[in-house]
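# Structural overview
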2 protein chains.
Amino acid sequence: MIDIARHAGVSKSTVSLVLRSSPLVKAETRRLVERAIDDLGYVYNRGAANLRQARSNMVGMVINDLANPFFAELAVGIERVFQGAGYVPFIANTAENPLRQAEVLRALREQGVAGLIVCPSRGTPSDAFKGLVADGVPVVQAMRRVDGARAASIVPDNRRGGRQATEHLLALGHRRIAFLGGYRDTFAHAERSGGYRQALEAAGIGVDPALIIDGPPNRDGGETGLARALALPNAPTAALCFNDVVAFGVLAGLRQRGLTPGVDFAVVGFDDVADARHASPPLTTVAVDSFALGERAAQTMLRMVHGDATPVEGIGDVHLVVRESCGAGMEQAA
Amino acid sequence: MIDIARHAGVSKSTVSLVLRSSPLVKAETRRLVERAIDDLGYVYNRGAANLRQARSNMVGMVINDLANPFFAELAVGIERVFQGAGYVPFIANTAENPLRQAEVLRALREQGVAGLIVCPSRGTPSDAFKGLVADGVPVVQAMRRVDGARAASIVPDNRRGGRQATEHLLALGHRRIAFLGGYRDTFAHAERSGGYRQALEAAGIGVDPALIIDGPPNRDGGETGLARALALPNAPTAALCFNDVVAFGVLAGLRQRGLTPGVDFAVVGFDDVADARHASPPLTTVAVDSFALGERAAQTMLRMVHGDATPVEGIGDVHLVVRESCGAGMEQAA
DNA sequence: AGCGGTTTTTGGATCGTTCCAATTACGAGT
DNA sequence: ACTCGTAATTGGAACGATCCAAAAACCGCT
């Protein structure tokens, strides 16, 4: 920077002002300095800047499973918002591992992030964000909430979605409905299956614990969940799946058995990932609108960066998208 | 850090040594300092460290399209390698936009990355990495190579894969084979369709330009590509797709028309994403082994970080995975 | 020319770390 | 007790930016 100052015939302070595009420098001087910057191929050192001035322009997004298309979509959506706001978003994957998550959080903190959006990994301890929050780093949890954490959160209305989907299956005449996939000890599973229970009970149908079959929230989880459900003495005729990826597994499993999804067995997913409408048959699912949710999380974080300290607990809207995998004709709205 | 020094009754230099786990400090002193660190809830400031010592432990991964499962898998694979090596990997998405990519590259450079793995976005100018490389920052291109760029690269053997897949379809008796999806002006399209041409010509079958139908490398690209192919006066009976996602689109399109993939029309993909074997029917595809490729790219970068300056141009192995979408019986190997 | 006010520019102190050369502490050997 | 070599510790000068208070340049008026 001093080189540039010399080259342009000004002081380093002036160069600094130009770099931060301050209105205090004369246009002519600015041009001079900018020329020098180009000539010397200078690169700004953000680390040095952050040393003095606490405000960094780097935000972190800590994602539990980037291989899951839903979270990848969410991440990409959030990224877009930050970009527009002049922040530089970096994504880190935790692969659903709390230890790894702790490392990542530490690294981001050391790097001096302005704020964080976190989809907490399974088994995140309630004090995972304590240090960050105590330091005044805005932390927003998205999609999942670890209870006891004193950090903002934006999560979809999982319970309502679970209820709506179940009501839809009930309205189609199903009485034995399974809830497949996902781990029982996660936030989302508790809420989504909670809605499912509510709907069954409201309809006067008891909840059969044997029909709630958990497993990994991926394709395999769907396939093995289906296998176990169909092996039951009194097998179900429909399933609400923990998420769309599980539902894809169920679809594949049905086909392997020569059953036609939507005809021989009704399937409903959760999330509405981009692929859901391309599945065969197109998947009926609870739309979470990852983009809106991500946008809201990002906005919340930006507000916190700018000093708004009220800890938000946002609930995102959710609605059932009826396609064909549930067997409903198109005339039948949610 | 000075606070800690005071609290532990040593000098800041000693604290610094402890933080870098130098063997020069006595075990007892170390324990003392570590205690003080815990007590005061201190966080290391990586930016300040990088200021003095050029070597940072942060590496960047710049990905052209995180919403594409293939690249997401690749990113996750690369991440794992760096993690093991004690580096902190951050992912940034460019959404196939060269301007955005330039911004991201600048941000990473300002942040002081130790090295970069880049899947260059479409339309990346050949001098995109010039500054980085001139600065001595190791840059490894993965999956795609922008020609003219003086940076290492690890790419799969696209041409060979395209040829193998085409030969397989020819062996199954197909004579009208389309090449669907992907943009003609990309590196991967040129190579993959190049292999396709080679195979056709070697078999004495001319290449019909009308059968090479480009489009976005996503599901829609597959669906519309198929529509255009089938509308041709002399429609093809098989298709090699630019990548698996395009192939998924083709599969869906066939089904919509009441055609059975693998029976009425043969489909081969490219990449072998995790979902390929779960598609219905399971997708025959050219396996790229994203994990091995990512690992190799990461290793290359690490070697460069440690001073090995030889600019590698690696070619990754590729092999055809025959499943059902091509109509081959299981007895028929590649 | 001198004055007050506004716009630009500037030197030095500072952020939290690492590096280096210098210092001190320790043990063993005479 | 003294010296020597090694092990452990230390103070101060960097690194590259920002911030602040002060200085300089410029302007229009008398």
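Residues numbered from 1 in each chain as written. Chains lettered and ligands numbered in written order. Predicted model: local features only at pLDDT ≥ 70, side-chain atom pairs only at ≥ 80, totals over all residues. Heavy atoms only, no water.

## Points about the protein's contact with DNA strand C
- Taken together, 26 residues are adjacent to DNA strand C, and T14, T29 and R52 of chain A together with S16 and R20 of chain B come closest.
- Contact between DNA strand C and S13 of chain A: a base oxygen at 2.8 Å from a side-chain N or O atom of the residue.
- Between DNA strand C and the protein, one listed contact pairs a phosphate oxygen with a side-chain N or O atom of Y42 of chain B at 2.7 Å.
- Taken together, the elements giving at least two residues each to the surface near DNA strand C come down to α2 (12–19) and α4 (46–52) of chain A together with α2 (12–19) and α4 (46–52) of chain B.
- For the surface near DNA strand C, a count of residues per class yields twelve nonpolar, eight polar and six charged. (Near = heavy atom within 4 Å. Polar contact = N/O pair within 3.5 Å; in protein donor to acceptor, adjacent residues only side chain to side chain. Helix = DSSP H or I, 4+ residues; strand = E, 2+ residues; numbered from the N terminus. Nonpolar A, V, L, I, M, F, W, Y, C, P; charged D, E, K, R; others polar.)

## Here's the deal with the domain arrangement of chain A
- Partitioning chain A into structural domains gives domain 1 (2–44), domain 2 (57–157 + 290–316) and domain 3 (158–288 + 320–326).
- A separation of 36 Å is found between the C-alpha centroids of domain 1 of chain A and domain 2 of chain A. (Domains from an automatic or database assignment.)

## Topic: the interface of chain A and chain B
- Across the contact, 36 residues belong to chain A and 36 residues belong to chain B.
- Carbon and sulfur atoms supply 56% of the area that chain A and chain B bury against each other, a total of about 3500 Å² over both sides.
- Here chain A and chain B share six salt bridges between them.
- At the boundary of chain A with chain B, the tally comes to eleven residue pairs in polar contact (both at pLDDT 80 or more).
- Of the residues assigned to the side of chain A that touches chain B, the class counts are 16 nonpolar, eight polar and twelve charged. (Contact = heavy atoms within 4.5 Å. Buried area = accessible area lost by both parts, 1.4 Å probe. Salt bridge = Lys/Arg side-chain N within 4 Å of Asp/Glu carboxyl O.)

## Side note on the nonpolar core
- In this structure, F82 and V267 of chain A together with F82 and V267 of chain B are the most contacted members of the largest nonpolar core, which totals 144 residues.
- Ranked by size, the runner-up nonpolar core spans 38 residues in total, among them L116 of chain A together with V62, V88 and V137 of chain B. (Core = buried A, V, L, I, M, F, W, Y, C linked by side-chain atoms within 4.5 Å. Buried < 20%, exposed > 50% of the residue type's maximum accessible area, 1.4 Å probe, protein only.)

## A few points about the packing of aromatic side chains
Residue and element names in this part refer to chain B.
- Taken as a whole and judged by the stated rule, the model has six aromatic pairs over all chains.
- When the centroid spacing of 5.5 Å and the interplanar angle of 55 degrees are considered together, the rings of F179 and Y196 count as tilted. Of this pair, F179 sits in strand β6 (residues 177–180) while Y196 sits in helix α9 (residues 187–202), and the two are 17 residues apart along the sequence. This pair shows no difference in class: F179 is buried, exactly as Y196 is.
- One residue, R192, lies across the ring of F242, its end atom 5.4 Å from the ring centre. (Phe/Tyr/Trp six-rings, centres within 6.5 Å; stacked < 30°, edge-to-face > 60°. Lys NZ or Arg CZ within 6 Å of the ring centre and 35° of its normal.)

## Remarks on the pattern of salt bridges
- Throughout the structure, instances matching the rule amount to 30 salt bridges over all chains.
- Among the ionic pairs, D275 of chain A bridges to R219 of chain B, the shortest N-O distance being 2.8 Å. With one member in each of two chains, D275 of chain A in the loop between β9 (266–271) and β10 (284–287) and R219 of chain B in helix α10 (residues 219–230) form a pair that bridges those chains.
- Residue class for R219 of chain B comes out buried when judged on its relative accessible area of 12%.
- Between R176 of chain B and D208 of chain B there is a salt bridge, with the nearest N and O atoms lying 3.1 Å from each other. Within this pair, whereas R176 of chain B is found in the loop between α8 (158–171) and β6, its partner D208 of chain B is found in the loop between α9 and β7 (212–213), the two being separated by 32 residues in sequence.
- Judged by relative accessible area, R176 of chain B falls into the partly exposed class, the value being 22%.
- Bridged by salt links that share partners, the residues R46 of chain A together with R106 and E110 of chain B form one connected network.

## Some points on the protein's contact with DNA strand D
- With respect to spatial proximity, 26 residues lie near DNA strand D, and among them S16 and R20 of chain A together with T14, T29 and R52 of chain B are the closest.
- Among the atoms of DNA strand D close to the protein, meaning within 4 Å, 62% are from sugar or phosphate groups.
- Measuring from a base nitrogen of DNA strand D, one finds a backbone N or O atom of A48 of chain A at 3.3 Å.
- Contact distances for DNA strand D include 2.6 Å between a phosphate oxygen and a side-chain N or O atom of T14 of chain B.
- When residues of the surface near DNA strand D are traced back to their parent elements, those giving at least two are α2 and α4 of chain A together with α2 and α4 of chain B.

## Here we look at helix α3 (residues 27–40) of chain B
Residue and element names in this part refer to chain B.
- End to end, α3 covers 20 Å across 14 residues, agreeing with the expected 20 Å (1.5 Å per residue, within 8%).
- Buried residues of α3: T29, V33, A36 and I37, and no others. Buried residues of α3, viewed axially, fall in a sector of 100 degrees; they line one side. Opposite the packed face of α3, turned more than 90 degrees from it, sit the exposed residues A27, E28, R31, R35 and D38.
- For α3, the elements touching its buried residues are α1 (2–8) and α2. (Expected span 1.5 Å × (residues − 1). Arc of directions from axis to C-beta.)

## Brief notes about the relation of the copies chain A and chain B
- Of the transformation placing chain A onto chain B, the axial shift is 0.0 Å and the rotation is 180 degrees, giving an RMSD of 0.1 Å. In short, the pair behaves as if placed about a two-fold rotation axis. (Least-squares fit on C-alpha atoms with pLDDT ≥ 70 in both.)

## Concerning the sheet that holds strand β7 (residues 212–213) of chain A
- The six strands lie next to each other as β7-β6-β8-β9-β10-β12 (chain A), forming an open sheet whose pairing is mixed. Pairing within the sheet leaves two strands with one partner each, and these edge strands are β7 and β12 (319–321) of chain A. (Pairing = 2+ DSSP bridges.)

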